[in-house]
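Reading the structure
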Amino acid sequence: GAGVSQSPSNKVTEKGKDVELRCDPISGHTALYWYRQSLGQGLEFLIYFQGNSAPDKSGLPSDRFSAERTGGSVSTLTIQRTQQEDSAVYLCASSITSGRTETQYFGPGTRLLVL
Amino acid sequence: SQQGEEDPQALSIQEGENATMNCSYKTSINNLQWYRQNSGRGLVHLILIRSNEREKHSGRLRVTLDTSKKSSSLLITASRAADTASYFCATAVSGGSYIPTFGRGTSLIVHP
């Protein structure tokens, strides 16, 4: 079956513009996670959803970042007034539930470059 | 700070050799997972080891877990050029919600 998909694959934007990143999880997966990976760095947790609710938003780096999930499926990560330090690969993952032994399935990521 | 940290940061070996990378973590865990990442894109799950397990095998992969030392190792035997990738450990901390915490990874290069 289809895996996790993300769009766009690459996004180049100018500083100060807003961007929207989309994640389509695997059908039936209730948990969805957003991570950010800067060059040569590990994965920085941003936010996770269980269904449509986000129990943990602690990783969002600033109030310029927001995310929503509708219908327990597609999620959108929005970055307002982008800054150059927002340049990174944004990875989305989903799992059947948010249980501790669940495997996360990752999408290919969106590579964001803020000029 | 990172919960899990991989060591070494980079590893370069010849095809056929074994590759060993380590992961250390700080707090008690429920389980530990290893993932692989090619070319800075999505991660692929390799293996999960629970806190009450000491060793697990999957094909050419062997994972060990030492909870007393708060460390895990991933061994890839008879490496191939296709094993070239970054390898990450992710820990699930005991208690609380499950937010896997990833280290910075080990970059493995296998020369043909």
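Describing the overall build of chain A
- Along chain A, the regular secondary structure elements total zero helices and eleven strands.
- For chain A, the sequential pattern of α-helices and β-strands runs β-β-β-β-β-β-β-β-β-β-β.
- Relative to the compact-globule value of 13 Å for 115 residues, chain A shows a C-alpha radius of gyration of 13 Å, a close match.
- Put simply, of all contacts in chain A between residues at least 6 apart along the chain, 54% involve residues at least 24 apart.
- If you sum the accessible surface of chain A, you get close to 5300 Å²; carbon and sulfur atoms cover 46% of it.
- In chain A, 11 positive and 11 negative side-chain charges are present, and the distance between their average locations comes to 2 Å.

Some thoughts on the side chain of Thr103 of chain A
- In this structure, Thr103 of chain A sits in the loop between β9 (88–95) and β10 (105–106).
- On the basis of relative accessibility, which here comes to 16%, the residue Thr103 of chain A falls in the buried class.
- Those residues in contact with Thr103 of chain A that sit more than four places away from it in its chain are Ser94 and Ser95 of chain A together with Gln33, Tyr35 and His45 of chain B.

Let's talk about the sheet that holds strand β3 (residues 19–24) of chain A
Residue and element names in this part refer to chain A.
- In spatial order, the strands read β1-β3-β8-β7; together these four strands make up an open sheet with antiparallel pairing. Strands at the two margins of the open sheet, each flanked by one partner only, are β1 (5–7) and β7 (65–69). Each adjacent strand pair in this sheet contributes to an overall mean axis angle of 15°, direction not counted.

Focus on the environment of Asp18 of chain A
Residue and element names in this part refer to chain A.
- Considering the arrangement of structural elements, one finds Asp18 in the loop between β2 (10–13) and β3.
- A C-alpha to C-alpha distance of 9.9 Å links Asp18 and Phe65, two positions 47 residues apart in sequence.
- If we skip the residues at most four places from it in the chain, Asp18 touches Ile79, Gln80 and Arg81.
- Among the polar contacts made by the side chain of Asp18, one reaches the main-chain amide nitrogen of Arg81 at a distance of 2.8 Å.

Here's the deal with the sheet that holds strand β3 (residues 19–25) of chain B
All names here are of chain B.
- Read from one edge of the open sheet, five strands run β1-β3-β8-β7-β6, paired in antiparallel fashion. The sheet is open, and its two borders are formed by β1 (4–7) and β6 (55–58), each paired with just one other strand. Ignoring strand direction, the axes of neighbouring strands in this sheet form an average angle of 15°.
- Sheet topology places strand β7 (residues 61–66) next to strand β8 (residues 71–76); six bridges connect them, and they run antiparallel. Along β8, the bridge assignment pairs Asp66 with Ser71.

Some thoughts on the interface of chain A and chain B
- With 26 residues of chain A in contact, the opposing surface of chain B contributes 25 residues.
- Taking both sides of the interface into account, the surface hidden between chain A and chain B amounts to around 1900 Å²; carbon and sulfur atoms contribute 50%.
- The tally of links from chain A across to chain B stands at zero salt bridges.
- Where chain A touches chain B, the interface holds two residue pairs in polar contact (both at pLDDT 80 or more).

Observations regarding unusual backbone geometry
- With an omega of -10°, the peptide bond running from Ser7 of chain A to Pro8 of chain A counts as cis.
- With respect to the helices, strands and loops of the structure, Pro8 of chain A is situated in the loop between β1 and β2.
- Across the junction of Asp7 of chain B and Pro8 of chain B, the peptide omega takes the value 0°, indicating a cis bond.
- Here Pro8 of chain B shows up in the loop between β1 and β2 (10–14).
- Backbone geometry at Arg81 of chain A places phi at a positive 45°, although glycine is not the residue there.
- Its location among the elements puts Arg81 of chain A in the loop between β8 (75–79) and β9.
- Under the relative-accessibility criterion, Arg81 of chain A is labelled partly exposed at 42%.

About the criteria used
Residues numbered from 1 in each chain as written. Chains lettered and ligands numbered in written order. Predicted model: local features only at pLDDT ≥ 70, side-chain atom pairs only at ≥ 80, totals over all residues. Heavy atoms only, no water. Helix = DSSP H or I, 4+ residues; strand = E, 2+ residues; numbered from the N terminus. Rg over C-alpha atoms; globule rule 2.2 N^0.38 Å. Contact = heavy atoms within 4.5 Å. Areas by Shrake-Rupley, 256 points an atom, 1.4 Å probe, with all protein chains shown as cover. Lys, Arg positive; Asp, Glu negative; His and termini not counted. Charge placed at Lys NZ, Arg CZ, Asp CG, Glu CD. Buried < 20%, exposed > 50% of the residue type's maximum accessible area, 1.4 Å probe, protein only. Pairing = 2+ DSSP bridges. Axes fitted to C-alpha atoms, helices over the stretch in contact; angles between N-to-C directions. Polar contact = N/O pair within 3.5 Å; in protein donor to acceptor, adjacent residues only side chain to side chain. Buried area = accessible area lost by both parts, 1.4 Å probe. Salt bridge = Lys/Arg side-chain N within 4 Å of Asp/Glu carboxyl O.

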